[in-house]
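Each chain, letter by letter, is given below.
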Amino acid sequence: MAILKLHGGKQATCTRRVATVLHELQVPFELIEVDVANGAHKSPEYLKIQPFGQIPYIDDDGFLLYETRAICRYIAAKYPEYGLIPTEPKANALFEQAASVELTNFDPSASKAGLQLWIRKMGYPFPTDDKIIADNLETLEKKLDAYEAILSKQRYLAGETITLADIFHLPYGVFVTYAGSESDSVMNRASRPNVARWYKQLISRPSWLAYLDGVTTTTAY
């Protein structure tokens, strides 16, 4: 069987999320870098595969798939023994609940603030907006108060074991810590010890640490 090909960017946020899940599941993959800077993702050839002109997409032995969360769900479903998507009905319902929480309560504000903070940290020549960052971090603070209530009762968002719902908080959960001191960032507040504990568990996983310098082809674990 051909090795899975991940078409994306070495430093791109969503490529990093997919690579983290691939590493978590010990799936070998080849990174095919898309030359976004020169518009390769908007070329007619690329748009035939990804009509929105975005990265990443995967080619799994001829099966093409785009949208980051869809890719991650597909890979996790292909390797159910790792349990990143629970199959027992009640556990699966709790997973879906947690995945919805990430998508609707965390990502909207974390991605807006986090992307701007990441652009600044990387030194990219793109405009950023202090108000967008401040407004979205303020919203995120309130959302994380609810996370604290959830995580005070269990280790992870869907229960006692990690699922995709937790991993989906990367990389934006890290990027929002770039505002001010990381030790007292929105993810590390002393007033939310369970959020801080959960966040530290996520960023300590080998799958996240593997690509701190960018995503690379990984054929062995």
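Quick caveat: nothing in here was measured; it's all calculated off a predicted structure.

Criteria and thresholds
- Residues numbered from 1 in each chain as written.
- Predicted model: local features only at pLDDT ≥ 70, side-chain atom pairs only at ≥ 80, totals over all residues.
- Heavy atoms only, no water.
- Phe/Tyr/Trp six-rings, centres within 6.5 Å; stacked < 30°, edge-to-face > 60°.
- Helix = DSSP H or I, 4+ residues; strand = E, 2+ residues; numbered from the N terminus.
- Buried < 20%, exposed > 50% of the residue type's maximum accessible area, 1.4 Å probe, protein only.
- Contact = heavy atoms within 4.5 Å.
- Pairing = 2+ DSSP bridges.
- Right-handed = clockwise from strand over helix to strand, strands pointing away.
- Axes fitted to C-alpha atoms, helices over the stretch in contact; angles between N-to-C directions.
- Left-handed = near helix turned anticlockwise from the far one by under 90°.
- Nonpolar A, V, L, I, M, F, W, Y, C, P; charged D, E, K, R; others polar.
- Core = buried A, V, L, I, M, F, W, Y, C linked by side-chain atoms within 4.5 Å.
- Salt bridge = Lys/Arg side-chain N within 4 Å of Asp/Glu carboxyl O.
- UniProt positions renumbered as here; feature names shortened; annotations may be inferred.

**Student:** Break down the packing of aromatic side chains for me, with residues and values.
**Tutor:** For the coordinates displayed, the defined rule picks out 11 aromatic pairs. Relative to Tyr57, the ring of Tyr46 has its centre 5.5 Å away and its plane inclined at 65 degrees; by these criteria the two rings are edge-to-face. Taken together, the positions of Tyr46 in helix 2 (residues 44-49) and Tyr57 in strand 3 (residues 57-60) put the pair 11 residues apart, joining distant regions of the chain. Tyr46 sits in the buried class, given a relative accessible area of 7%. Tyr57 gets classed as buried once you look at its relative accessible area, which sits at 6%. Judged by centre distance (6.0 Å) and plane angle (45 degrees), the ring pair of Phe106 and Tyr147 falls under tilted. Highlighted residues: Phe106 in helix 4 (residues 89-122) and Tyr147 in helix 5 (residues 130-151), separated in sequence by 41 residues. Residue classification places Phe106 among the buried positions, given a relative accessible area of 1%.

**Student:** Talk me through the side chain of Asp107; I want residue IDs and the actual numbers.
**Tutor:** With respect to the secondary-structure elements, Asp107 resides in helix 4. We classify Asp107 as buried; its relative accessible area is 15%. Beyond its immediate chain neighbours, meaning those up to four positions away, Asp107 contacts Arg17, Arg69, Glu102, Lys112 and Tyr172.

**Student:** Let's hear about the pairing of strand 2 (residues 29-33): which residues, and what values?
**Tutor:** Two elements, strand 1 (residues 4-8) and strand 2, share five bridges in a ladder whose sense is parallel. Opposite Leu4, over in strand 2, you have Phe29 as the bridge partner. This β-α-β element, strand 1 to helix 1 (residues 13-24) to strand 2, shows right-handed connectivity.

**Student:** Give me the packing of helix 4 against helix 5: which residues, what numbers.
**Tutor:** In helix packing, the relevant descriptors are the interaxial angle and the interaxial distance, both defined with respect to the helix axes. Interaxial distance between helix 4 and helix 5 falls to 9 Å at its minimum, and their mutual angle equals 145 degrees. Where helix 4 crosses over helix 5, the two elements pack in a sense that is left-handed. Touching Val101, Glu102, Asn105, Phe106, Pro108, Ser109, Ala110, Lys112, Ala113, Gln116, Leu117 and Arg120 of helix 4 are Asp130, Ile132, Ile133, Asn136, Leu137, Thr139, Leu140, Lys143, Leu144 and Tyr147, all from helix 5. Here the contact of helix 4 with helix 5 is composed, by residue class, of 12 nonpolar, five polar and five charged.

**Student:** Which residues make up the nonpolar core, and what values go with them?
**Tutor:** Leu6, Tyr147, Leu164, Met187 and Trp198 are the most contacted members of the largest nonpolar core, which totals 57 residues. Here Leu164 is in contact with Val21, Cys72, Arg73, Ala76, Leu84, Ile85 and Phe95, once residues within four sequence places are set aside.

**Student:** Run through the pattern of salt bridges, naming residues and quoting values.
**Tutor:** All told, the structure shown has 10 salt bridges when counted by the stated rule. The shortest N-O distance in the salt bridge between Glu96 and Arg73 comes to 3.1 Å. Within this pair, whereas Glu96 is found in helix 4, its partner Arg73 is found in helix 3 (residues 68-78), the two being separated by 23 residues in sequence. Between Asp145 and Arg192 there is a salt bridge; the shortest N-O distance is 2.9 Å.

**Student:** Can you break down the UniProt feature "domain: GST N-terminal" (unreviewed entry) in the chain residue by residue, with the values?
**Tutor:** Under the UniProt annotation, the feature "domain: GST N-terminal" (unreviewed entry) is placed at residues 2-83. For residues 2-83, helix accounts for 35% and strand for 22%, while the C-alpha atoms at its two ends are 24 Å apart.

**Student:** Which residues make up the environment of Ser109, and what are the values?
**Tutor:** If you trace the backbone, Ser109 turns up in helix 4. Residue Ser109 is classed as buried on the basis of its relative accessible area of 4%. Considering only alpha carbons, one finds Ser109 and Asn136, 27 residues apart in sequence, at a separation of 4.8 Å.

**Student:** So, the pairing of strand 1: which residues are in play, and what are the values?
**Tutor:** Within strand 1, four of the five residues are buried, which leaves the element mostly enclosed by the surrounding structure. Note that strand 1 and strand 3 share three bridges and pair antiparallel. Within strand 3, the residue paired with Leu6 across the bridge is Ile58.

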